[in-house]
Amino acid sequence: ETPGLRRWGGGGHTRTGILQHVLDLQAGNQKGKSRGQMRNKTLVVSAPGKVILHGEHAVVHNKVALAVALNLRTFLRMTLRSEGKVFVQLPNIETTLCWETSELQPLLSAFPADLTESQPPSPEQLEKLREFAGIASGAASTHSLATLAFLYLYLSIASKSRVLPGMDVVVWSELPTGAGLGSSAAYSVCLAGALLSGCGVIRYPLEEGQSVARWTEEELDMINKWAFRGEQVIHGNPSGVDNAVGTWGLCGALRYQSGKISSLKKVPTLRILLTNTKVPRSTKVLVAGVKSRLLKFPAIMEPVLSSMDAISRECERVLEAMAECPSQEQYLVLEELFDMNQHHLNAIGVGHASLDRVCQVSAAHRLHSKLTGAGGGGCAITLLRPADTDPTVVAAATRDLNGCGFECWETDISGPGICAHLPASLKAEVQEAFKGL
C-alpha cells in the first residue's frame, strides 16, 4: 500500500449512516427508519473548472505551468434510493443512463473489496466496463467516456460493501465540454466527492443550518486521488492539475512542474473574459505536433520553451507580490506576459486563426488575450483590470466576439474547490437546471 494512503477498512474510515440505511432498506431491514425518509436522502456537490494562465505545452517538457480555479462550476445532485436502480442524467451532453443494480453486480468481480485509490484503472477493468456498456475499444466520444468514468468510480468506491446502492444522479455544468476548461475533471471530482460520501467512505460535511460546507484536508486528498482515477479513465495519462484545481480550488494558483503540484500564496481575484471559439481540437494531436517540432528544430524550440518557463515564473513572482500590495503597474506586467506567451504559443504551432481573431478583437478594445489549454481552437482568456476596465468596453468586446460566432463569459479566476450545498441555497439558474430532472 502506498504510504499516506488508506485502505477503506482501516485507519478510522467507517461506513457512515447514509449508505448503511440504504443497504438496510435494500435488505429489508428498516432499523427504525421510514422507507420514504431514507430513500430520498439527497447530496448536492459542486466543483470548479480551471484555466491555465501560463505554461501550456511547455509543462509537458518539464517547464512550469500555472493553473487557477475558474468561477464556472459543475453541479451534481445524488439521491440515494432503496430501489435497486442506478439512474444517471447528463443533460449537457444529452446522455441518460439506467441500470438495475442486479445487472451491475457481476461487474464487482473485477473490483476487489481491498481496491484503493492508489491503484490505477486496469486494462481488464476498463475492457469489462466497455463490454458491459457496449462501448467499442478506443471510442472517445464524450458520452462514452462519461459513462466509463461513472461506472469505474461507482463500482470502485462501492466495492468494499459488495452491495451496490441504488441512486439517481444528475450532473449539470456551466462549463462547455471539450474546451480545455477542466470540465471532465470537475465531473470526476463531483462524482468522487458524492460517491465517497454517499457510500460512507468519508462523511458528508453539510450540517444542519449550513448552506455550504467543505471536507477536511484528509478527505479532500482522498477525493482528489479518486478523481484522478476518473481522469485516467477519460484521458489515459492526465497531469493531475485539473482534478487538483477542482478539489482544492484555492484563492491562489497551483504550480505544476515535473509531476509536482504546489500552491502559490493567496493572490487577488482576477477578472477575465473567457471566450470559447467553438473550434474542436485534439489535445493529443497538438501535443504530438509540439514534440515533433522540438525534435526537428531543437536549437529553436528549446529556447522558446525556456522562455515560456521564464514567463510562468515571472507571472508567479508578480502574483505573489500582488498578494502583498496590488498595483495597476502589476496588471500592466500581467498583460505584457499574456501578449508574449501568445506569440510563443503560435511559434510552437498550437495557435489557430480563431484564437488570432480573439486577440485582434480584444486588442481593438485595448484588452489583452491569450489561448488557454491545448490551443488549436478551444478557449482564450482576456485579462480585465479590476479598477479601470470600463464595463462598456467589456460589453463592446463581448458583442464583437459574439459577432465572430464565439461564446463569451465574464467571470473570475479563483474560487473554492469542491463544496457540499444545501439544495435550496443554490443559485436560481442551477435550481432551474435541476428542476424536473
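Residues numbered from 1 in each chain as written. Predicted model: local features only at pLDDT ≥ 70, side-chain atom pairs only at ≥ 80, totals over all residues. Heavy atoms only, no water.

**Student:** For this particular structure, what's the right way to read the overall build of the chain?
**Tutor:** Scanning the chain from N- to C-terminus turns up 14 helices and 13 strands. Counting every position in the chain, which comprises 437 residues, the buried fraction comes to 54%. Restricting to contacts in the chain with at least 6 residues of sequence separation, those with at least 24 account for 76%. Summed over all atoms, the accessible surface of the chain reaches about 18,100 Å², with 52% contributed by carbon and sulfur. (Helix = DSSP H or I, 4+ residues; strand = E, 2+ residues; numbered from the N terminus. Buried < 20%, exposed > 50% of the residue type's maximum accessible area, 1.4 Å probe, protein only. Contact = heavy atoms within 4.5 Å. Areas by Shrake-Rupley, 256 points an atom, 1.4 Å probe, with all protein chains shown as cover.)

**Student:** Got a minute to help me understand helix H5 (residues 142-158) in this structure?
**Tutor:** Owing to its 3.6 residues per turn, the α-helix aligns residues three or four sequence positions apart on the same side. Between the first and last C-alpha of H5 there are 24 Å, a value that for 17 residues agrees with the 24 Å anticipated at 1.5 Å per step. Of all 17 residues in H5, 15 are buried, a share of seventy percent or more. (Expected span 1.5 Å × (residues − 1).)

**Student:** Honestly, the side chain of Ser161 in this entry has me stumped. Any pointers?
**Tutor:** Its location among the elements puts Ser161 in the loop between H5 and strand E5 (166-173). Classification of Ser161 as buried rests on a relative accessible area of 17%. For Ser161, the side chain forms a polar contact with the main-chain oxygen of Val163, separated by 2.9 Å. (Polar contact = N/O pair within 3.5 Å; in protein donor to acceptor, adjacent residues only side chain to side chain.)

**Student:** Looking at this structure, how should I read the packing of helix H7 (residues 217-235) against helix H8 (residues 241-248)?
**Tutor:** Helix packing geometry: the angle between the two helix axes and the distance between the axes. Packing of H7 against H8 brings their axes to within 9 Å, and their N-to-C directions diverge by 145 degrees. The two elements H7 and H8 meet at a crossing, and its hand is right-handed. Within the contact between the two elements, H7 uses Glu217, Leu220, Asp221, Ile223, Asn224, Ala227, Phe228 and Glu231 and H8 uses Asp242, Asn243, Ala244, Thr247 and Trp248. Per-class residue counts for the contact of H7 with H8 are six nonpolar, three polar and four charged. (Axes fitted to C-alpha atoms, helices over the stretch in contact; angles between N-to-C directions. Left-handed = near helix turned anticlockwise from the far one by under 90°. Nonpolar A, V, L, I, M, F, W, Y, C, P; charged D, E, K, R; others polar.)

**Student:** Honestly, unusual backbone geometry in this entry has me stumped. Any pointers?
**Tutor:** Of all residues except glycine, most have a negative phi; of all peptide bonds, most are trans. Even without a glycine there, the phi angle at His57 is positive, about 70 degrees. Tracing the chain through its elements places His57 in the loop between strand E1 (42-54) and strand E2 (65-81). For His57, a relative accessible area of 6% corresponds to the buried category. One non-glycine residue, Arg366, lies in positive phi territory at about 60 degrees. Along the chain, Arg366 falls in the loop between helix H12 (353-364) and strand E10 (368-372).

**Student:** Can you help me understand the pairing of strand E11 (residues 379-384) in this one?
**Tutor:** In the case of a regular strand, side chains alternate between the two sheet surfaces. Burial of E11 is extensive: six of the six residues sit out of reach of the surface. Residues Cys379, Ile381 and Leu383 point to one face of E11 and Ala380, Thr382 and Leu384 to the other, with burial holding for every one of them. For strand E9 (residues 270-276) and E11, the ladder comprises six bridges, and the chain directions are antiparallel. By the bridge assignment for E11, Leu273 is matched with Thr382. Judged from the five bridges that link them, E10 and E11 form a sheet pairing that is antiparallel. Residue pairing for E11: Ser369 is matched across the bridge by Thr382. Between E10 and the antiparallel strand that follows it, E11, lie six residues; Gly373 among them carries a positive phi value of about 95 degrees. (Pairing = 2+ DSSP bridges.)

**Student:** When you look at the nonpolar core in this model, what are you seeing that I'm missing?
**Tutor:** Among the nonpolar cores identified, the biggest contains 91 residues, and Leu274 and Leu334 are the most heavily contacted of them. The leading source of residues in this core is H5, at twelve residues. Among the nonpolar cores identified, the runner-up in size contains 25 residues, and Leu286, Val350, Leu384 and Val394 belong to it. (Core = buried A, V, L, I, M, F, W, Y, C linked by side-chain atoms within 4.5 Å.)

**Student:** Would you explain the pattern of salt bridges in this entry?
**Tutor:** Opposite charge on two side chains lets them pair, provided their charged atoms get close. Overall, the coordinates contain 13 salt bridges when judged by the stated rule. Arg130 is the partner of Glu127 in a salt bridge, and the nearest nitrogen-oxygen pair spans 3.9 Å. With a gap of three residues between them, Glu127 and Arg130 both fall in helix H4 (residues 123-133), about one helical turn apart. For Glu174, the salt bridge is made with Lys427, and the minimal N-O distance between the two is 2.5 Å. With Glu174 in the loop between E5 and helix H6 (183-198) and Lys427 in the loop between strand E13 (419-421) and helix H14 (428-434), this pair connects stretches of sequence that are 253 residues apart. For Lys427, a relative accessible area of 43% corresponds to the partly exposed category. (Salt bridge = Lys/Arg side-chain N within 4 Å of Asp/Glu carboxyl O.)

**Student:** What is the right way to look at the packing of H6 against H7 in this model?
**Tutor:** The contact between H6 and H7 brings their axes to 8 Å, and the two run at 130 degrees. If you check the angle between H6 and H7, you find them oblique. Judged by the sense of rotation from one axis to the other, the crossing of H6 with H7 is right-handed. Residues Ser184, Ala185, Tyr187, Ser188, Val189, Ala192, Gly193 and Leu196 of H6 pack against Met222, Ile223, Trp226, Ala227, Gly230, Glu231, Ile234 and His235 of H7. A class-by-class count of the residues in the contact of H6 with H7 yields ten nonpolar, five polar and one charged. (Parallel < 35°, antiparallel > 145°, perpendicular 65-115°, else oblique.)

**Student:** Would you mind showing me how to read the confidence of the model for the chain here?
**Tutor:** Detailed reading of predicted coordinates is not advised where the pLDDT is low. With 90% of its residues at a pLDDT of at least 70, the chain reaches an overall mean of 88. Across the chain, H12 holds the top mean pLDDT of 98, while helix H2 (residues 35-39) sits lowest at 39. Taken as a whole, residues 1-17 scores under 50 in pLDDT and shows 41 contacts with residues more than four places along the chain or in a different chain. In this model residues 25-38 is a low-confidence stretch, pLDDT under 50, and it forms 20 contacts with partners more than four residues away in sequence or in other chains. (pLDDT = per-residue confidence, 0-100.)

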